[in-house]
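Chain by chain, the residues:
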Amino acid sequence: MRIGAVILASGFSKRLGADKNKLFLTFKGKSFLQICIDNVMKATFDEIVLVTSYLEAVQGNLTMIKGVQLVQNRHPELGISESIKLGLEEINECDAYMFFTIDQPQLQVDTINRLKTFAERGRIIVPIYNGQKGSPTIFGCDFKAKLLTISGDVGGKQIINQHKHFVTFVQIEAGSEGMDIDTMAEYMTLKKSEG
């Protein structure tokens, strides 16, 4: 099973407030973006593509991008769907594609590897944290053409909702792994947990 990873890092971080970029917030000494890349590389994928609208900043802030293909998103205003399409267009053919956002700094490599074991060409894999759907999601290659037609800022949710009988939900024991950091209040709560 050949699985590719697509890291989506083009958002505007609007809810964080002025002059804040979620990619470069830190947790335990690393930026959110670096944490995500490190975890993806440790989980071992056949190919890794990072889609970002902050290409120069990313190149200047990462200590390890070897083996990661950088793709510039020149139209982030089109929403997350644009990043998904750019990533899929750049990556070589795989049996399945795993999509990551960079705002889950507590996601663990073991969880990524566990989700990968459920991957199939004709299935969609969705993790469940504390009863809520989350990321990273895996789409089998049978859904690639549909992913290339989506638009706006809804990502793959519409495809998941339209193909519920092809979805495998995976319960993740540690709910904190699915916690998205979207606001400064959430980030401050996260920082208090650093210990």
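Above this text is the structure in question.
Cut-offs and rules
- Along every chain, residues carry numbers that run from 1 in the direction the sequence is written.
- Reporting in this predicted model follows two pLDDT cut-offs: at least 70 for local features of residues, and 80 or more for side-chain atom pairs to be given and counted; totals over whole chains, interfaces and linings ignore these cut-offs and use all residues.
- Derived side-chain values reflect all non-hydrogen atoms in the structure, with water molecules and hydrogen atoms excluded from consideration.
- Ring pairs are drawn from Phe, Tyr and Trp, using the six-membered ring of Trp, whenever the two centres fall within 6.5 Å, and their geometry is named by plane angle: stacked under 30 degrees, edge-to-face over 60, tilted for the rest.
- Helix and strand labels come from DSSP, where a helix needs a run of H or I of at least four residues and a strand needs a run of E of at least two; each type is numbered from the N terminus.
- Residue exposure (1.4 Å probe, protein chains only): buried if accessible area is under 20% of the type maximum, exposed if over 50%, otherwise partly exposed.
- Either the NZ atom of lysine or the CZ atom of arginine qualifies as a charge over a ring when it sits within 6 Å of the ring centre and within 35 degrees of the ring normal.
- A pair of strands is considered paired only if DSSP assigns at least 2 bridges between the two.
- Think of a nonpolar core as a cluster: buried Ala, Val, Leu, Ile, Met, Phe, Trp, Tyr and Cys residues, connected wherever their side-chain atoms sit within 4.5 Å.
- Residues count as neighbours in contact if any of their non-hydrogen atoms are within 4.5 Å of one another.
- When a carboxyl oxygen of Asp or Glu is within 4 Å of a side-chain nitrogen of Lys or Arg, the pair counts as a salt bridge.
- The rule is simple: put a 1 Å grid over the protein atoms alone, call a set of points where a 1.4 Å probe fits but cannot get out a cavity, call an open set with protein on both sides within 12 Å along at least five of seven lines a pocket, and count a residue as lining if it has an atom within 4 Å of a point.
- Grid points are joined across faces, edges and corners, and a volume is the space filled by probe spheres set on the points.
- Side-chain classes are defined by residue name, with Ala, Val, Leu, Ile, Met, Phe, Trp, Tyr, Cys and Pro counting as nonpolar, Asp, Glu, Lys and Arg as charged, and the others, Gly among them, as polar.
- Note that a disulfide, as used here, is simply two cysteine sulfur atoms within 2.5 Å.

1. Brief notes about the packing of aromatic side chains
Alright, step 1. With the rule as written, the count across this model stands at four aromatic pairs.
Alright, step 2. Relative to Tyr-187, the ring of Phe-32 lies with its centre 5.9 Å away and its plane at 70°, an arrangement referred to as edge-to-face. Highlighted residues: Phe-32 in helix α1 (residues 32-43) and Tyr-187 in helix α7 (residues 184-192), separated in sequence by 155 residues. Grouping residues by exposure puts Phe-32 and Tyr-187 together as buried.
Alright, step 3. Centroid distance Phe-45 to Phe-100: 5.8 Å. Interplanar angle 90°. Geometry classified as edge-to-face. One end of the pair, Phe-45, is in the loop between α1 and β4 (47-52); the other, Phe-100, is in strand β6 (residues 96-101), and 55 residues separate them in sequence. Each of the two residues, Phe-45 as well as Phe-100, counts as buried.
Alright, step 4. In this arrangement the basic side chain of Lys-116 is found over the ring face of Phe-45, its NZ or CZ atom lying 4.5 Å from the centre.

2. Quick look at the pairing of strand β1 (residues 3-9)
Alright, step 1. Across the seven residues that make up β1, a large majority, seven, are buried.
Alright, step 2. Note: β1 against β6, six bridges, orientation parallel. Opposite Ile-3, over in β6, you have Ala-96 as the bridge partner.
Alright, step 3. Both β1 and β4 contribute to a ladder of six bridges, which runs parallel. Looking at the pairing, Ala-9 lines up with Thr-52 of β4.

3. Comments concerning the nonpolar core
Alright, step 1. Within the largest apolar cluster, 36 residues are counted, with the highest numbers of intra-cluster contacts made by Ile-7, Phe-45 and Phe-100.
Alright, step 2. Of all the secondary-structure elements, those providing two or more residues to this core are β1, α1, β4, β6, α4 (109-116), β7 (124-129), β10 (167-172) and α7.
Alright, step 3. Sort the elements by how many residues they give to this core and α1 lands first, with seven residues.
Alright, step 4. When sequence neighbours within four positions are dropped, the list of residues in contact with Ile-7 reads Cys-36, Ile-37, Val-40, Ile-48, Val-49, Leu-50, Val-51, Phe-100 and Ile-102.
Alright, step 5. Ile-124, Ile-150, Ile-160 and Val-167 belong to the second largest nonpolar core, which has 22 residues in total.

4. Points about the pattern of salt bridges
Side chains carrying opposite charge are able to pair once their charged atoms draw close together.
Alright, step 1. Counting across every chain of the model gives six salt bridges.
Alright, step 2. Two residues, Arg-2 and Glu-47, come together in a salt bridge whose shortest N-O distance is 3.1 Å. Of this pair, Arg-2 sits in the segment before β1 while Glu-47 sits in strand β4, and the two are 45 residues apart along the sequence.
Alright, step 3. Between Asp-103 and Lys-22 there is a salt bridge, with its nearest N and O atoms 3.1 Å apart. Residue Asp-103 is located in the loop between β6 and α4, and its partner Lys-22 is located in the loop between β1 and β2 (26-27); the two are separated by 81 residues in the primary sequence.
Alright, step 4. A residue is classified by how much of its surface remains accessible, and Asp-103, at 9% relative accessible area, is buried.

5. Structural notes on empty space enclosed by the protein
Alright, step 1. Applying the stated rule across the entire model yields one cavity of 30 Å³ or more.
Alright, step 2. One number sums up the size of the largest cavity: a volume of about 70 Å³.
Alright, step 3. Every residue lining the largest cavity is listed: Phe-32, Ile-35, Cys-36, Asn-39, Val-40, Phe-100, Thr-101, Ile-102, Gln-104, Pro-105, Leu-107 and Ile-112.
Alright, step 4. The set of elements that each furnish at least two residues to the lining of the largest cavity consists of α1 and β6.

6. Notes on the layout of surface pockets
Alright, step 1. The space that makes up the second largest pocket amounts to roughly 170 Å³.
Alright, step 2. Along the walls of the second largest pocket sit Phe-27, Lys-28, Lys-30, Ile-35, Asp-38, Asn-39, Lys-42, Pro-105, Gln-106, Leu-107 and Gln-108, which together make up its complete lining.
Alright, step 3. Here the lining of the second largest pocket gets four residues from one element, more than from any other, and that element is α1.
Alright, step 4. Of the residues that constitute the lining of the second largest pocket, the class distribution is four nonpolar, three polar and four charged.

7. Brief notes about the state of the cysteines
Alright, step 1. For the structure on display, the rule yields zero disulfides.
Alright, step 2. In this structure Cys-36 is a free cysteine whose sulfur lies 17 Å from that of Cys-94, the closest cysteine sulfur available.
Alright, step 3. No disulfide involves Cys-141; its sulfur sits 8.8 Å from that of Cys-94, the nearest cysteine.
Alright, step 4. The class for Cys-141 is buried, based on a relative accessible area of 14%.

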